[in-house]
Amino acid sequence: MKASSFGYEPNYFKVKAGVPIRWEIEDVGTSGCTNAIISKGLFPDEIPLTPGQTSVQEFTPTKPGKYKFSCWMGMVSGIIEVVDSGNVTNNSGIGVQAANTNNNAVIPSGAKGCGCGGVASEVVRK
């Protein structure tokens with residue numbers, strides 16, 4: 001995957017539960033909050049990113065679901081969908097397409113937001 005200050009390309013992956021993943025992330029120009037990726041439902045630590053370098057995260061997803069990954073503020077994000085074995089159609093075990101981040105069933109990344117009123121903030125209006 002390529003990561004920049006504008007987003008992730010691709011930003012949707014489909015993987016099999018129980019199959020080890022080696023996620024390689026090429027930093028093509030991150031800055032500020034985009035210099036790390038989190039997905040607390042899939043792995044406990046953040047993935048630090050450095051412009052011009054490729055970072056690697058290895059993990060084995062165990063439970064099917066749609067897991068959000070994001071910058072630590074939650075403003076730039078994508079989805080890793082974990083499916084039961086047999087539900088992925090290509091030989092690599094990874095399918096790529098546009099993300100649908102509006103699905104309420106998505107497991108949050110764990111981002112706390114900046115509190116500045118941006119996209120990542122949760123505001124309750126009455």
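For clarity, every value in this text was computed on a predicted model and none was experimentally measured.

Bringing the confidence of the model for the protein into the picture now. Averaged over every residue, the pLDDT of the protein is 82; residues scoring 70 or more account for 75%. For residues 116-126, every residue scores under 50 in pLDDT, and the model assigns this stretch eight contacts once sequence neighbours within four places are set aside.

On to the packing of aromatic side chains, then. Geometry of an aromatic ring pair is reported as the spacing of the ring centres plus the angle between the planes. One pass over the structure, following the stated rule, counts six aromatic pairs. Between the aromatic rings of Phe 13 and Trp 23, the centroid separation amounts to 6.1 Å while the plane-to-plane angle is 70°, which identifies the pairing as edge-to-face. Residue Phe 13 is found in strand S3 (residues 12-16), and its partner Trp 23 is found in strand S4 (residues 21-27); the two are separated by ten residues along the sequence. On the basis of relative accessibility, which here comes to 6%, the residue Trp 23 falls in the buried class.

So, about the pattern of salt bridges. Applying the stated criterion across every chain yields a total of three salt bridges. Lys 2 serves as the salt-bridge partner of Glu 26, at 2.9 Å between the closest nitrogen and oxygen. You can see Glu 26 sitting in strand S4 and its partner Lys 2 sitting in strand S1 (residues 2-4), a full 24 residues away along the chain. On the accessibility criterion, Glu 26 (32% relative accessible area) is partly exposed.

Within the secondary structure, Arg 22 sits in strand S4. Distance from Arg 22 to Phe 59, taken between C-alpha atoms, is 6.9 Å for residues 37 residues apart in sequence. Those residues in contact with Arg 22 that lie beyond four places of it in its chain are Val 56, Gln 57 and Glu 58.

Bringing the environment of Gly 110 into the picture now. For Gly 110, the location among the structural elements is in the segment after strand S11 (106-107). With a relative accessible area of 29%, Gly 110 lands in the partly exposed category. Distance from Gly 110 to Ser 39, taken between C-alpha atoms, is 6.3 Å for residues 71 residues apart in sequence. Those residues in contact with Gly 110 that lie beyond four places of it in its chain are Ile 38 and Lys 40.

Take the nonpolar core next. Met 1, Tyr 8, Trp 23, Ile 25, Ile 37, Phe 69 and Ile 80 are the most contacted members of the largest nonpolar core, which has 23 residues in total. When contributions to this core are tallied by element, the ones reaching two or more residues are S3, S4, strand S8 (65-70) and strand S9 (77-83). The element that contributes the greatest number of residues to this core is S4, accounting for three residues. Apart from residues no more than four positions distant in its own chain, Ile 25 is found in contact with Met 1, Ala 3, Ile 37, Ile 47, Leu 49, Gln 53, Thr 54 and Ser 55.

Let's shift gears to unusual backbone geometry. The amide bond that connects Glu 9 to the next residue, Pro 10, takes the cis arrangement and shows omega of -5°. In this structure, Pro 10 sits in the loop between strand S2 (7-9) and S3.

Here we take up the pairing of S8. For a regular strand, side-chain orientation follows a simple rule: the groups alternate between the two sheet faces. The pairing of S8 with S9 spans six bridges and is classified as antiparallel. When the sheet's bridge partners are listed, Tyr 67 is paired in S9 with Ile 80. Note: S8 against S11, two bridges, orientation parallel. The residue of S11 that forms the bridge with Tyr 67 is Ile 107.

Rules used throughout
Per chain, the residues get numbers from 1 upward, laid out in the order the sequence is written. The model is predicted, so local features are restricted to residues of pLDDT at least 70 and side-chain atom pairs to those at 80 or more, both for listing and for counting; the totals for chains, interfaces and linings are taken over all residues. Water and hydrogen atoms play no part in the side-chain values, which are based on all heavy atoms of the structure. Scored from 0 to 100, pLDDT records how confident the predictor is in each individual residue. Should any heavy atoms of two residues lie within 4.5 Å, those residues are counted as being in contact. Note on aromatic contacts: the rings of Phe and Tyr and the six-membered ring of Trp form a pair at centre separations within 6.5 Å, being stacked when their planes are under 30 degrees apart, edge-to-face when over 60 apart, and tilted otherwise. Secondary structure elements are defined from DSSP: runs of H or I of at least 4 residues count as helices, runs of E of at least 2 residues count as strands, and each element is numbered from the N terminus. We call a residue buried when its accessible area falls under 20% of the maximum for its residue type, exposed when it is over 50%, and partly exposed in between, using a 1.4 Å probe and counting protein chains only. Salt-bridge detection follows one rule: a side-chain nitrogen of Lys or Arg within 4 Å of a carboxyl oxygen of Asp or Glu. Only buried residues count toward a nonpolar core. Its members are Ala, Val, Leu, Ile, Met, Phe, Trp, Tyr and Cys residues joined through side-chain atoms within 4.5 Å. In this analysis, strands are considered paired if DSSP registers two or more bridges between them.

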